[in-house]
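Structural overview
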Amino acid sequence: MNKIGDAKRIVFKFGTNILRNEDGEISLTRLYSFIEDISTLKKRGKEVLIVTSGAVGLGAKKLNVDTSASTVLKQAAASVGQQILMSIWQDGFEKYGLSVAQILLTEEDFSNRKKYLSLRNTLSKLLELGIVPIINQNDAVSPSELEHACFSDNDKLSAIVASKLDADLLVMVSDIDGLFDKNPKEYSDAKKIDVVEK
């Protein structure tokens, strides 16, 4: 079964490492390749939402700062980096005649029912209009996300978005080849888990 072919609504999650090259710069060729593929899916009638990481890393590179020093420095870097990140997504999709919308979220946007319903309505309308929502956690105003990783580097955020928006498929684009019982970059005996039963 072709899961992407059969899915009507798809959430793609892009991690920081997949968007950057070895020098920590945005990998434009890689990102534009993803944009080209997603544009093809859009032309086939698919609804696509993107959850993207990378704002803190891009902002830190631009400001030439080490964000491990403090939460407020991460917030400042996120504020600068989010603008860079969005401009790249926007420029790429415009080349294929598609428009994007920026959505910055905190965990409260899902736990507060009134906010969640408003968010759901907005995202549904954007999809109806053929817009590609580009979603990221709102690091600039959410110290709890930065300190405690509430959205677990956007993995949890993408799962929540997929669930709450009734997506048919969630695709996590990563530099890790699947789900493992521990970090395969740190442990050579890490075992890949092909199916999660519960």
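Located above this text is the structure these notes cover.
Each value, and the rule that gives it
Residues numbered from 1 in each chain as written. Predicted model: local features only at pLDDT ≥ 70, side-chain atom pairs only at ≥ 80, totals over all residues. Heavy atoms only, no water. Core = buried A, V, L, I, M, F, W, Y, C linked by side-chain atoms within 4.5 Å. Buried < 20%, exposed > 50% of the residue type's maximum accessible area, 1.4 Å probe, protein only. Helix = DSSP H or I, 4+ residues; strand = E, 2+ residues; numbered from the N terminus. Contact = heavy atoms within 4.5 Å. Pairing = 2+ DSSP bridges. Axes fitted to C-alpha atoms, helices over the stretch in contact; angles between N-to-C directions. Parallel < 35°, antiparallel > 145°, perpendicular 65-115°, else oblique. Nonpolar A, V, L, I, M, F, W, Y, C, P; charged D, E, K, R; others polar. Left-handed = near helix turned anticlockwise from the far one by under 90°. Expected span 1.5 Å × (residues − 1). Bend = angle between axes of the 7 residues up to and from the residue. Polar contact = N/O pair within 3.5 Å; in protein donor to acceptor, adjacent residues only side chain to side chain.

Quick look at the nonpolar core now. Phe12, Phe14, Leu19, Ile50, Trp89, Phe93 and Ile134 are the most contacted members of the largest nonpolar core, which totals 27 residues. Elements with a contribution of two residues or more to this core: strand 1 (9-14), helix 2 (16-19), helix 3 (28-43), strand 2 (47-52), helix 4 (55-63), helix 5 (71-94), strand 4 (132-137) and strand 5 (169-173). Sequence-distant contacts of tryptophan 89, defined by excluding residues within four places in its chain, comprise Phe14, Leu19, Leu31, Ile35, Ile50, Thr52, Val100 and Ile134. Judged by nonpolar contacts, the second largest core, of 19 residues, contains Leu105, Ile131, Ile160 and Val161.

Strand order in the open sheet formed by 5 strands is 3-4-2-1-5, and the pairing between neighbours is parallel. Edge positions in the open sheet fall to strand 3 (100-105) and strand 5, since each of these has one partner strand only. On average, each strand axis in the sheet is inclined to that of its neighbour by 20 degrees, with strand direction left out of account. Examined bridge by bridge, strand 2 and strand 4 share 2 bridges and lie parallel to one another. Residue pairing in the sheet places valine 51 in a bridge with isoleucine 135 of strand 4.

Closest axis-to-axis distance for the helix 4/helix 5 pair is 6 Å, and the angle between their directions is 100 degrees. The pairing of helix 4 with helix 5 is recorded here as roughly perpendicular in orientation. On helix 5, the residues that touch Ala55, Val56, Leu58, Gly59, Ala60, Lys62 and Leu63 of helix 4 are Lys74, Ala76, Ala77, Ala78, Val80, Gly81, Gln82, Ile84 and Leu85. Looking at the contact of helix 4 with helix 5, its residues break down into 11 nonpolar, 3 polar and 2 charged.

Right, let's talk about the pairing of strand 4 for a bit. Walk down a regular strand and you will see the side chains alternate between the two sheet faces. Within strand 4, 6 of the 6 residues are buried, which leaves it mostly tucked inside the rest of the structure. With 6 bridges joining them, strand 3 and strand 4 adopt parallel strand pairing. Among the inter-strand pairings, glutamine 102 is bridged to a residue of strand 4, identified as isoleucine 134.

This paragraph deals with the packing of helix 3 against helix 5. Interaxial distance between helix 3 and helix 5 falls to 9 Å at its minimum, and their mutual angle equals 50 degrees. When the axis of helix 3 is compared with that of helix 5, the two are oblique. In this structure, the crossing between helix 3 and helix 5 has a hand that is right-handed. Judged by residue contacts, Leu28, Leu31, Tyr32, Ile35, Ile38 and Ser39 of helix 3 engage Ile88, Trp89, Asp91, Gly92 and Phe93 from helix 5. Among the residues forming the contact of helix 3 with helix 5, the class breakdown is 8 nonpolar, 2 polar and 1 charged.

Moving on to the pairing of strand 1. Among the 6 residues in strand 1, 6 count as buried, and that is most of the element. Here strand 1 shows a buried face lined by Arg9, Val11 and Lys13 and a second buried face lined by Ile10, Phe12 and Phe14. Strand direction decides the pairing type here: strand 1 and strand 2, joined by 6 bridges, are parallel. Its bridge partner lying in strand 2, arginine 9 is registered against glutamate 47. Alignment of strand 1 against strand 5, held across 5 bridges, turns out to be parallel. Opposite phenylalanine 14, over in strand 5, you have valine 173 as the bridge partner.

Bringing helix 5 into the picture now. Over its 24 residues, helix 5 runs 34 Å from end to end, which matches the ideal 34 Å to within 8%, given 1.5 Å per residue. In the structure, helix 5 departs most strongly from a straight axis at glycine 81, where the bend amounts to approximately 25 degrees. Among the residues of helix 5, those classed as buried are Gln75, Ala77, Ala78, Gly81, Gln82, Leu85, Met86, Ile88, Trp89, Gly92 and Phe93.

What follows covers the side chain of asparagine 136. Within the fold, asparagine 136 resides in strand 4. In terms of polar contacts, asparagine 136 uses its side chain to reach the backbone carbonyl oxygen of threonine 52, at 3.4 Å. Within the structure, the side chain of asparagine 136 is placed 2.9 Å from the side chain of glutamine 82, a separation counted as a polar contact. In contact with asparagine 136, other than residues within four places in its own chain, are Thr52, Ser53, Ala55, Gln82, Leu85, Ile103, Leu104, Leu105, Asn154 and Leu157.

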